[in-house]
Amino acid sequence: MNTGATVLCLRFRRIDGEPLDAGSYAGLLGLLGALTPVVQALPPDGALADLRGALRYFGRDAAGLAALIRVRALALYGADCVIGAAGNPMLARMAAREAAPGRTLLVPDEPAAVREFLGRKPAAALDGVGQKAARTLCSYGLDSVGRIAAAPLGTLQRILGARAGREVHERAHGIDRTPVVPGAAARSLGVERSFDRDELDPVHQRRALLSLTEELGARLRAQGQVCRSLSLTVRCADRTSLTRDRVLPEPTAHSAALTATAYGIHGALGLQRARVRALALRAEGLTPAERAAHQLSFDPEDDKARRIEAVADRLRARFGPAAVTRGTLAA
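This is a predicted model, so every value here is computed, not measured.

Colleague: Mind showing me how you'd approach helix α5 (residues 111–118) here?
Modeller: Quick reminder: α-helices carry 3.6 residues per turn. Residues three or four places apart thus point the same way. Of all the residues in α5, the buried ones are Ala 113, Val 114, Phe 117 and Leu 118. When α5 is viewed along its axis, its buried side chains cluster within an angular range of 120° and face the same direction. Facing away from the buried side of α5 by more than 90 degrees, the exposed set consists of Pro 111, Arg 115 and Glu 116. Considering only its buried residues, α5 is in contact with α4 (89–98), β5 (104–106), α7 (145–150) and α9 (162–172).

This is the structure:
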C-alpha cells in the first residue's frame, strides 16, 4: 500500500554494541546511494534519503525499501538501524527518534495521520523549537504540538516573532520545506568518554559530561565555530544505546551553555538504574562564530564567565590543553 512516504531517516548501530567506525559508515552511505542519489549524511551514524525516484524504479513503497536497506546493512556491515519514514525530512527525523531498535516507524503522508502523530507531543519535541521557545509557548498554554497547530498564525507570530512564528506554525502542521541535500554532510564535532567499569553513579556520569562539554566548547572556540544543537549518546552494558538531541537556545560555543543542555538531556533520559559504559556528545549544525547572533545579557556573572573562558583558551593555546581545567575535574 502506498502511504505517500518518500523520505527515510536512518540511524545505524553495530549489532555488537561497538561504535560505528568511519569505514562502515561510508559503506552504509554507499549502500543508500545504490538505491537513490539523493542521500544526505548525518554523521556519525545517520542519513536522510529521498526515495521519490527509487520508489517507481524498484517498484516498492518506502517500507519495502526500508526493509531492503535493513537486510543489506546487517549482511554487509553487521549494522542494524532504526528508520523513520514520512513525507518530509522533519517528520522522518521525528519518527526515527521514536522508532524501536530494528524497526521502521512510518508516518503516512496524509493530514489525519500527521495530526495523530504530532498532536500529543510536547512543544519541545517539534523541530526548531528550543527550550526557551518551548517555555514561552507553554506560558501561553501552548504546551503540545496539537495546541500549537490549533493556534492562529497571528498569535504565534506575536509570541515568537514573524519568521519564527510562521515556521513553528507550519511545522506544527507537519510542513517542512527543507530538501534532502545530496552529499551535504551536516557539519559536526564529537567527543566521547568510556568508563573503566560500568557506571551506575549519576554523579560520575555528570562529571564525565562536564569534561565532555569543556573539551567540546574549547575545540569549537579554537576553530571559531558555534553549534546549533547537541546530541548525547549513552552506551549501556547490555549493548543498547540511547541517543537524544536538543536544540540550543542560540548557537553557541560557551561551555556553560553546552553543559546545561547536556545535563538537561541526560536528566530527561531517566538513567537511575542504567549501567552506563560510555557517553558520547556531538555538537551539530556548526556555523562560523562571526555569523551567529548572540543575545546580549545584563547578567554580570555571565559576562565574567565568558571573560574567564577566553583567558583559559589563551592559556591552553600557549601551554597545552591541560594547562587549565576545572577543579572538579582535576580531583
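Colleague: When you look at the packing of helix α6 (residues 131–139) against helix α8 (residues 153–160) in this model, what are you seeing that I'm missing?
Modeller: Packed helices, taken two at a time, are described by their axes: the angle between them and the distance between them. Between α6 and α8, the least distance of the axes is 10 Å, while the angle of their chain directions is 125°. In this view, α6 runs oblique relative to α8, as classed from their interaxial angle. When you trace α6 past α8, the crossing you get is right-handed. Of the residues in α8, those in contact with Ala 133, Thr 136 and Leu 137 of α6 are Leu 156, Ile 159 and Leu 160. In terms of residue class, the contact of α6 with α8 is built from five nonpolar, one polar and no charged.

Colleague: I would appreciate a short explanation of the packing of aromatic side chains in the present structure.
Modeller: Any pair of aromatic rings gets described here by the distance separating the centres and the angle formed by the planes. In the structure shown here, the tally under the stated rule is one aromatic pair. With centroids separated by 5.0 Å and ring planes inclined at 75°, the aromatic side chains of Tyr 57 and Phe 58 adopt a geometry described as edge-to-face. According to the relative accessible area criterion, Tyr 57 is exposed, its value standing at 69%. A relative accessible area of 31% places Phe 58 in the partly exposed class.

Colleague: Hey, could you run me through the pattern of salt bridges in this one?
Modeller: Side-chain pairs of opposite charge can arise where the charged atoms are in close proximity. Under the definition given, this model contains 14 salt bridges. Residue Asp 143 is joined to Arg 147 by a salt bridge in which the shortest nitrogen-to-oxygen separation is 3.1 Å. With a closest N to O distance of 3.6 Å, Arg 219 and Glu 215 form a salt bridge. One end of the pair, Arg 219, and the other, Glu 215, are both in helix α10 (residues 202–222), four residues apart, so they sit about a helical turn from each other. Three or more residues joined by partner-sharing salt bridges are found here, namely Arg 193, Glu 215 and Arg 219.

Colleague: Quick question: what am I supposed to make of helix α1 (residues 22–33) here?
Modeller: For α1, built from twelve residues, the straight-helix expectation of 16 Å at 1.5 Å per residue is met to within 8% by its first-to-last C-alpha distance of 16 Å. When we look at burial in α1, the residues that qualify are Ser 24, Tyr 25, Gly 27, Leu 28, Leu 31 and Leu 32. Viewed along the axis of α1, the buried residues span an arc of 160°, placing them on a single side of the element. Opposite the packed face of α1, turned more than 90 degrees from it, sit the exposed residues Ala 22 and Gly 23.

Colleague: Help me out: how do you make sense of the environment of Glu 98 in this one?
Modeller: Mapped onto the secondary structure, Glu 98 falls in helix α4. Linking Glu 98 and Ile 83, residues 15 residues apart in sequence, is a C-alpha distance of 9.2 Å. Those residues in contact with Glu 98, other than ones at most four positions away along the chain, are Leu 105, Phe 117 and Lys 121.

Colleague: Help me understand the packing of α4 against α5, please; the structure alone is not making it clear to me.
Modeller: Between α4 and α5, the least distance of the axes is 12 Å, while the angle of their chain directions is 50°. If you check the angle between α4 and α5, you find them oblique. As for how α4 packs across α5, the hand of that crossing is left-handed. Contacts from Leu 91, Met 94, Ala 95 and Glu 98 of α4 reach α5 at Val 114, Phe 117 and Leu 118. Looking at the contact of α4 with α5 residue by residue, the class counts come to six nonpolar, no polar and one charged.

Colleague: Just checking my understanding: could you explain the nonpolar core for this structure?
Modeller: Soluble globular proteins tend to bury their nonpolar side chains together. Leu 91, Phe 117, Leu 118, Leu 126, Leu 137, Leu 142 and Ile 148 are the most contacted members of the largest nonpolar core, which has 30 residues in total. Elements represented by at least two residues in this core include exactly β1 (7–14), α4, α5, α6, α7, α8 and α9. Per-element tally for this core: the top contributor is α4, with six residues. Ignoring sequence-local partners within four residues, the contact set of Leu 91 consists of Ala 86, Val 114, Phe 117, Leu 118 and Gly 174.

Colleague: Help me out: how do you make sense of the sheet that holds strand β3 (residues 46–50) in this one?
Modeller: Backbone hydrogen bonds hold the strands of a sheet together, and the pairing may be parallel or antiparallel. A sheet is described by the order of its strands in space; here five strands give the open sequence β2-β3-β1-β4-β5, paired in mixed fashion. Every interior strand has two partners, whereas the edge strands, β2 (39–42) and β5, have only one. This sheet shows a mean twist of 15° between the axes of neighbouring strands, independent of strand direction. Judged from the eight bridges that link them, β1 and strand β4 (residues 79–86) form a sheet pairing that is antiparallel. Bridging from a neighbouring strand, Phe 12 pairs with Cys 81 of β4.

What counts, and at which threshold
- Chains are numbered independently. Their residues run from 1 in the order of the written sequence.
- For this predicted model, a pLDDT threshold of at least 70 governs which residues receive local features, and a threshold of 80 or more governs which side-chain atom pairs are given and counted, while totals over whole chains, interfaces and linings are taken from all residues.
- Values reported for side chains reflect all heavy atoms of the structure, with hydrogen atoms and water molecules removed beforehand.
- Relative accessibility under 20% of the residue-type maximum defines a buried residue, over 50% an exposed one, and the middle range a partly exposed one, all with a 1.4 Å probe and only protein chains included.
- Helix numbering and strand numbering both begin at the N terminus, where a helix is a DSSP run of H or I of at least 4 residues and a strand a DSSP run of E of at least 2.
- Throughout, the arc means that of the directions going from the helix axis to the C-beta atoms.
- In this description, contact between two residues means that some pair of their heavy atoms is separated by no more than 4.5 Å.
- Each axis is a line fitted through C-alpha atoms, and for a helix only the stretch in contact is used; angles between axes span 0 to 180 degrees, taken between their N-to-C directions.
- Should an angle fall under 35 degrees it is called roughly parallel, over 145 degrees roughly antiparallel, and 65 to 115 degrees roughly perpendicular, with every other angle called oblique.
- The sense of a crossing depends on the near helix, which, turned anticlockwise from the far helix by less than a right angle, makes the crossing left-handed and, turned clockwise, makes it right-handed.
- For this classification, the nonpolar set comprises Ala, Val, Leu, Ile, Met, Phe, Trp, Tyr, Cys and Pro, the charged set comprises Asp, Glu, Lys and Arg, and every other residue, Gly included, is treated as polar.
- Aromatic contacts are taken between Phe, Tyr and Trp rings whose centres are within 6.5 Å, Trp giving its six-membered ring; a plane angle under 30 degrees counts as stacked, one over 60 as edge-to-face, and the others as tilted.
- Any Lys or Arg side-chain nitrogen found within 4 Å of a carboxyl oxygen on Asp or Glu counts as a salt bridge.
- Each residue after the first adds 1.5 Å to the expected span of a helix.
- By convention a nonpolar core is built from buried Ala, Val, Leu, Ile, Met, Phe, Trp, Tyr and Cys residues, the set being connected through side-chain atoms within 4.5 Å.
- Two strands pair if DSSP finds at least two bridges between them.

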